[in-house]
Amino acid sequence: VVEGENITRSQFPDGFLFGAATSAYQIEGAYLEDGRGLSNWDVFCSTNGNIADGGNGYIADDAYHHYLEDIEILHSLGVDAYRFSISWTRTLPKGRFGEVNPSGILFYNNIIDNLLLRGIKPFVTIHHFDYPQELEAIYGGWLSPLMQEDFVYFAETCFKNFGDRVKYWTTINEPNTFSEMAYERGVYPPGHCSPPFGNCSAGNSDIEPLIAVHNMMLAHGKAVKVYRERFQAKQGGIIGITANAYMYEPLTDDEIGKAAAERLLAFTVAWVLDPVVFGEYPPEMQRIHGKELPKFTSEEKMVMKDSVDFIGINHYATLYAKDCIYSTCKCDPLDSTCVPGGDRPIRGFASSVGDRNGIPIGEPTGMARFFVVPRGMEGMVDYVKNRYHNKPMFITENGYSSPNNPIKINEIKDDHKRVEYHKAYLSYLSRAMNNGADVRGYFIWSLMDNFEWNLGYKVKFGLYYVDHRTSHRIPQLSSVWYKDFLSNNANAKTGVLFNNRDGIN
Ligand code: GBH
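Only a predicted model underlies this, so the values are computations on that prediction, with no experimental measurement involved.

Colleague: Would you explain the state of the cysteines in this entry?
Modeller: All told, the structure shown has 1 disulfide when counted by the stated rule. Put simply, C324 and C329 are joined by a disulfide, and their sulfur atoms are 1.7 Å apart. The sign of the S-S torsion, about -85°, decides the handedness of the disulfide formed by C324 and C329: left-handed. Taking the relative accessible area as the measure of exposure, C324 reaches 8% and is therefore buried.

Colleague: Explain the environment of P189 to me, please; I cannot follow it from the model alone.
Modeller: Mapped onto the fold, P189 is located in the loop between helix 8 (175-183) and helix 9 (207-235). Judged by its relative accessible area of 4%, P189 falls in the buried class. With 53 residues separating them in the primary sequence, P189 and E136 have C-alpha atoms 9.4 Å apart. Beyond its immediate chain neighbours, meaning those up to four positions away, P189 contacts N40, W41, F44, F178 and A182.

Colleague: Please clarify how helix 15 (residues 416-434) should be interpreted in this entry.
Modeller: Three- or four-residue spacings in an α-helix give side chains the same orientation, since the helix completes a turn every 3.6 residues. Its 19 residues place the ends of helix 15 27 Å apart at the C-alpha level, agreeing with the 27 Å of an ideal helix rising 1.5 Å per residue. Judged by how many residues are buried, helix 15 sits mostly within the fold: 14 of 19 residues are covered. One or two steps after helix 15, the chain reaches G436, where phi turns positive at roughly 105°.

Colleague: Got a minute to help me understand the site of the ligand in this structure?
Modeller: What surrounds the ligand is a group of 19 residues, the closest being Q26, H128, E174, E452 and N454. In this structure, W445 approaches the ligand through a side-chain N or O atom, which is 3.2 Å from an oxygen atom. The protein chains hide 89% of the 570 Å² of surface that the ligand would expose on its own. Using a 2 Å cut-off from the grid points, one finds that the ligand occupies the largest pocket. Taken together, the residues that form the shell around the ligand break down as 9 nonpolar, 7 polar and 3 charged.

Colleague: Sorry if this is basic, but what is going on with the sheet that holds strand 8 (residues 318-323) here?
Modeller: Two modes of strand pairing occur in sheets, parallel and antiparallel, and in both the strands are linked by backbone hydrogen bonds. Pairing within the open sheet is mixed, and its 3 strands lie in the order 6-8-9. Each edge of the open sheet carries a strand with a single partner, namely strand 6 (247-250) and strand 9 (350-353). Along the sheet, successive strands turn relative to each other by an average axial angle of 40°, direction set aside. Where strand 6 and strand 8 come together, 4 bridges link them in parallel fashion. Note that in strand 8 the partner of Y248 across the bridge is L319.

Colleague: Help me out: how do you make sense of the sheet that holds strand 3 (residues 121-127) in this one?
Modeller: Pairing is parallel in the closed barrel, where 8 strands are placed in the order 1-2-3-4-5-7-12-13. Neighbouring strand axes in the sheet, compared pairwise and without regard to direction, differ in orientation by 25° on average. For strand 1 (residues 17-21) and strand 13 (residues 439-445), the ladder comprises 5 bridges, and the chain directions are parallel. Directly across from G19, in strand 13, lies its bridge partner F443. In the packing of helix 8 onto the sheet, contacts are made with strand 4 (168-173) and strand 5 (238-244), and the angle to strand 5 comes to roughly 40°. Across the face of the sheet, helix 10 (residues 255-278) comes into contact with strand 5 and strand 7 (310-314) while running at roughly 160° to strand 5.

Conventions used here
- Each chain carries its own residue numbering, running from 1 in the written order of its sequence.
- In keeping with the predicted nature of the model, local features appear solely for residues at pLDDT of at least 70, side-chain atom pairs appear and are counted solely at 80 or more, and the whole-chain, interface and lining totals rest on all residues.
- Excluding hydrogens and water, the side-chain figures rest on all heavy atoms present in the structure.
- Sulfur atoms of two cysteines make up a disulfide when they are within 2.5 Å.
- Residue burial is assigned from relative accessible area. The probe radius is 1.4 Å, only protein chains are included, and a residue is buried under 20% of its type maximum, exposed over 50%, and partly exposed in between.
- Going along the chain from the N terminus, every DSSP run of H or I of four or more residues is numbered as a helix, and every run of E of two or more is numbered as a strand.
- In what follows, residue pairs with any heavy atoms lying within 4.5 Å of each other are defined as contacts.
- By definition here, a helix of n residues has an expected span of 1.5 Å times n minus one.
- Throughout this document, a residue counts as near a molecule or strand when at least one of its heavy atoms sits within 4 Å of that molecule or strand.
- Polar contacts here mean pairs of N or O atoms no more than 3.5 Å apart (in protein, one a potential hydrogen donor and the other a potential acceptor; neighbouring residues in sequence count only if both atoms are side-chain atoms).
- For the accessible areas, the method is Shrake-Rupley and the probe is 1.4 Å, while residue cover comes only from the protein chains on display.
- Only protein atoms enter the 1 Å grid used here. Points where a 1.4 Å probe fits but cannot escape make up a cavity, open sets with protein on both sides within 12 Å along at least five of seven lines make up a pocket, and a residue lines them when an atom lies within 4 Å of a point.
- To qualify as sitting in a cavity or pocket, a molecule needs more than half of its atoms within 2 Å of the grid points.
- In this classification, Asp, Glu, Lys and Arg are treated as charged, Ala, Val, Leu, Ile, Met, Phe, Trp, Tyr, Cys and Pro as nonpolar, and every other residue, Gly included, as polar.
- When DSSP finds two or more bridges between two strands, those strands count as paired.
- Note on method: axes are straight lines fitted to C-alpha atoms, helices fitted across the in-contact stretch only, with angles between N-to-C directions ranging 0 to 180 degrees.

Pasting the structure below:
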């Protein structure tokens, strides 16, 4: 890719935050230590077959014991900010049905204080997919409206304990992803699914994903209300939400194709962003869903409307949108990039596919469907800019997963493709900003390889490789590049082969 060859930090405005991101369950480990409670993921991982290679987050990157080292690494990279999440079960082991765990509070205080000592701004996700199993057992997690109060209590606990020093909050990471994976595909806990996905023991309707998002939306809105009424003036921070945001391009260059792409964007990105800006679900969804889409009462609308100071965008890849109104969306069983079920209302009668006439939309990566399409960054930022009147945005995740193909083993050792990816995506981000998009920061997913949910440790996004025998963090070429980029020395040689990872064949 030549697209990003000349990108430098100086092309971004002063005060723009460059950072790296992680989440609690994916890195911390120490799942039984110091009073932490069991989470939905701990339990889900204990059932054979749920996670690739029988993986789990019980030790993960052992960041619970290595956080000081991680902060030194962040400092050596020269990042402005670190995006991490708070483990709900470490701070409130039984949600609002138990005590606050002092060791959990201490752990995050230590992280925050040490980051600040190193001049790194904490950028905190309150909830990133993991919650107390207690809440799943008592009333079925996000399917219950009661979960809203649990989240508000958790968020309040965070504001109260950490808000004097944390100036950037996001409430919930990717409600759209969690809903799809947990209640439609059945691959995240609690493993509910709906046809045509899998043969789950529980769940079986297209309604569950809609209900889960509805409860997450209201939980967000109510937590932001608490922040604004009781903390924001005193603490002076800003608060937002983060959406998973694939860009969709029309599979066919006609009106039908364009409409399919618009529908897919509305049914994924706007599904969770329209409510926090306009106080309502996208008109596109309201039209198609008729009565099954939950509604906000007029009081709830007031809570939801303008409930973000900024929009967080997790953007990795672009797919084609295939119309399923005028043509059938049945998948070729050999096409691993086609998402079946596009002919259902919940996906807006559109399916997302990775190729056109057998030609992939971009280079494949280690993660299925994460094709490298740098222009998609500009497309997504423009979409959010136009739809939401240029609300301030942060790119809260953008990252490249190494191909996990033994034939390409050299690429795993020398991640120059990750470097090319970031340069190219950053140059399209800079183009969007030159055209007026108000983007305030950019976080690389991820600081280090970590527990990639249902995919276990198979897929690696890290600037650092983690040797799980020793928990050593080993720099990749991309970490050298990022450091040079951040010190505005982007022309520094990044062609050196970093070949110091033994144990990989
Ligand atoms: C983000 O999700 C998450 O916020 C983060 O925790 C995660 O580590 C990161 O991206 C990388 O994936 O092969 O069918 O199991 C992005 C959206 C949705 C992408 C689920 C991967 C798995 C598809 N993710 N998808 S599958």
